[in-house]
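Below, each chain spelled out in residue letters.
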Amino acid sequence: MALDRIEKLVEKYFEGETSIAEEKELKTYFSSTDVAQHLEQYKPVFGYFSQAKQEQFTATISLKSKRKQKRLAWLSVAASLVVMLGIGFFAYQNTSDPNQENLGVIDDPEIAFRETQKALALISKHVNTGIESVNYLGEYQQSKNKIFK
């Protein structure tokens, strides 16, 4: 009767329907010496768990070196950021001239008109480039619609 129960439990185990208590029962049965001849093939499966339970990890892990490397990396990033901010502040202070307070103000209307035309022409050129890109996308959309109808 016990052998019949063990066979049913083995079938349930391989179907994934056993409970923890039933699995413990299978482990104790297969760890004993009186295992039925036709069930000997399953003995290594259940014997593996008892063997794996006894294994221990004994190597040492050094975590301090990685932490120091990360700290050193962040320290170098922070130092470079401070140097860049210092250079930027120094350059900003040296380029600001007190005589140039009215930047962008032109007193002569003709010069102002020409400069405005240059600026608008530059803006128009970039807008036209953007419109050409949108036209290309429109052609792509039409081709895609023809293919994926």
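Up top is the structure.
Treat the numbers as computed from the prediction; the structure is a model and nothing was measured. (Residues numbered from 1 in each chain as written. Predicted model: local features only at pLDDT ≥ 70, side-chain atom pairs only at ≥ 80, totals over all residues. Heavy atoms only, no water.)

Chemist: Before we go on, may I ask you to explain the overall build of the protein in this structure?
Modeler: Along the backbone of the protein there are 5 helices and 0 strands. Listing each helix as α and each strand as β along the protein from the N terminus yields α-α-α-α-α. A total of 149 residues make up the protein; the buried ones form 9% of that total. A separation threshold of at least 6 residues defines the contact pool for the protein, and within that pool the share at least 24 residues apart is 28%. (Helix = DSSP H or I, 4+ residues; strand = E, 2+ residues; numbered from the N terminus. Buried < 20%, exposed > 50% of the residue type's maximum accessible area, 1.4 Å probe, protein only. Contact = heavy atoms within 4.5 Å.)

Chemist: Sorry, what's going on with the pattern of salt bridges here?
Modeler: Pairing of side chains with opposite charge becomes possible as their charged atoms draw close. Throughout the structure, instances matching the rule amount to 3 salt bridges. For glutamate 22, the salt bridge is made with lysine 12, and the minimal N-O distance between the two is 3.1 Å. With a gap of 10 residues between them, glutamate 22 in helix α2 (residues 20–31) and lysine 12 in helix α1 (residues 2–15) connect regions that are remote in the sequence. Lysine 118 is the salt-bridge partner of glutamate 115, the closest N and O atoms lying 3.6 Å from each other. Taken together, the residues glutamate 115 and lysine 118, both in helix α5 (residues 109–147) and 3 residues apart, mark about one turn of the helix. For glutamate 115, a relative accessible area of 36% corresponds to the partly exposed category. (Salt bridge = Lys/Arg side-chain N within 4 Å of Asp/Glu carboxyl O.)

Chemist: Would you mind showing me how to read α2 here?
Modeler: Residues three or four positions apart in an α-helix share a direction because the helix packs 3.6 residues into each turn. For α2, spanning 12 residues, the distance from its first C-alpha to its last is 16 Å, which sits close to the expected 16 Å at 1.5 Å a residue. For α2, the complete set of buried residues consists of Glu22, Leu26, Tyr29 and Phe30. Around the axis of α2, the buried residues are gathered within 90 degrees of arc, so they sit on the same side. Exposed side of α2, more than 90 degrees from the buried face: Ile20, Ala21, Lys24, Thr28 and Ser31 are the residues found there. (Expected span 1.5 Å × (residues − 1). Arc of directions from axis to C-beta.)

Chemist: Hey, could you run me through the nonpolar core in this one?
Modeler: Side chains of a nonpolar character, in soluble globular proteins, are inclined to be buried together. Core analysis: the largest hydrophobic core is formed by 11 residues, namely Ile6, Leu9, Val10, Tyr13, Leu26, Tyr29, Phe30, Val35, Ala36, Leu39 and Phe46. Those elements giving two or more residues to this core turn out to be α1 and α2. The residues touching tyrosine 29, leaving out its near neighbours within four places in the chain, are Leu3, Ile6, Asp34, Val35, Ala36 and Leu39. (Core = buried A, V, L, I, M, F, W, Y, C linked by side-chain atoms within 4.5 Å.)

Chemist: Got a minute to help me understand the packing of aromatic side chains in this structure?
Modeler: The way to describe two aromatic rings as a pair is by their centre distance and the angle between their planes. One pass over the full model with this rule turns up 3 aromatic pairs. Ring centres of phenylalanine 14 and tyrosine 42 lie 5.3 Å apart, and the angle between their planes is 45 degrees; this geometry places the pair in the tilted category. Of this pair, phenylalanine 14 sits in helix α1 while tyrosine 42 sits in the loop between α2 and α3 (43–54), and the two are 28 residues apart along the sequence. The exposure class of tyrosine 42 is partly exposed, given its relative accessible area of 23%. (Phe/Tyr/Trp six-rings, centres within 6.5 Å; stacked < 30°, edge-to-face > 60°.)

Chemist: What should I look at first to understand a nonpolar patch on the surface in this one?
Modeler: Side chains of Leu120, Ile123, Val127 and Ile131 sit close together on the surface and give an oily, nonpolar patch of about 370 Å² of accessible area. Along the polypeptide, isoleucine 131 turns up in helix α5. Judged by relative accessible area, which is 45%, isoleucine 131 ranks as partly exposed. (Patch = residues over 30% accessible without salt bridge, like charges linked within 9 Å, V, L, I, M, F, W, Y side chains within 5 Å. Areas by Shrake-Rupley, 256 points an atom, 1.4 Å probe, with all protein chains shown as cover.)

Chemist: Just checking my understanding: could you explain the packing of α1 against α2 for this structure?
Modeler: The N-to-C vectors of α1 and α2 enclose an angle of 120 degrees; their axes lie 10 Å apart at closest approach. When the axes of α1 and α2 are compared, the pair comes out oblique. The hand of the α1/α2 crossing is left-handed. Along the contact surface, α1 presents Leu3, Arg5, Ile6, Leu9, Val10, Lys12 and Tyr13, while α2 presents Glu22, Glu23, Glu25, Leu26, Tyr29 and Phe30. For the contact of α1 with α2, a count of residues per class yields 8 nonpolar, no polar and 5 charged. (Axes fitted to C-alpha atoms, helices over the stretch in contact; angles between N-to-C directions. Parallel < 35°, antiparallel > 145°, perpendicular 65-115°, else oblique. Left-handed = near helix turned anticlockwise from the far one by under 90°. Nonpolar A, V, L, I, M, F, W, Y, C, P; charged D, E, K, R; others polar.)

In short, the description is geometric, and any link to function would need to be established separately.
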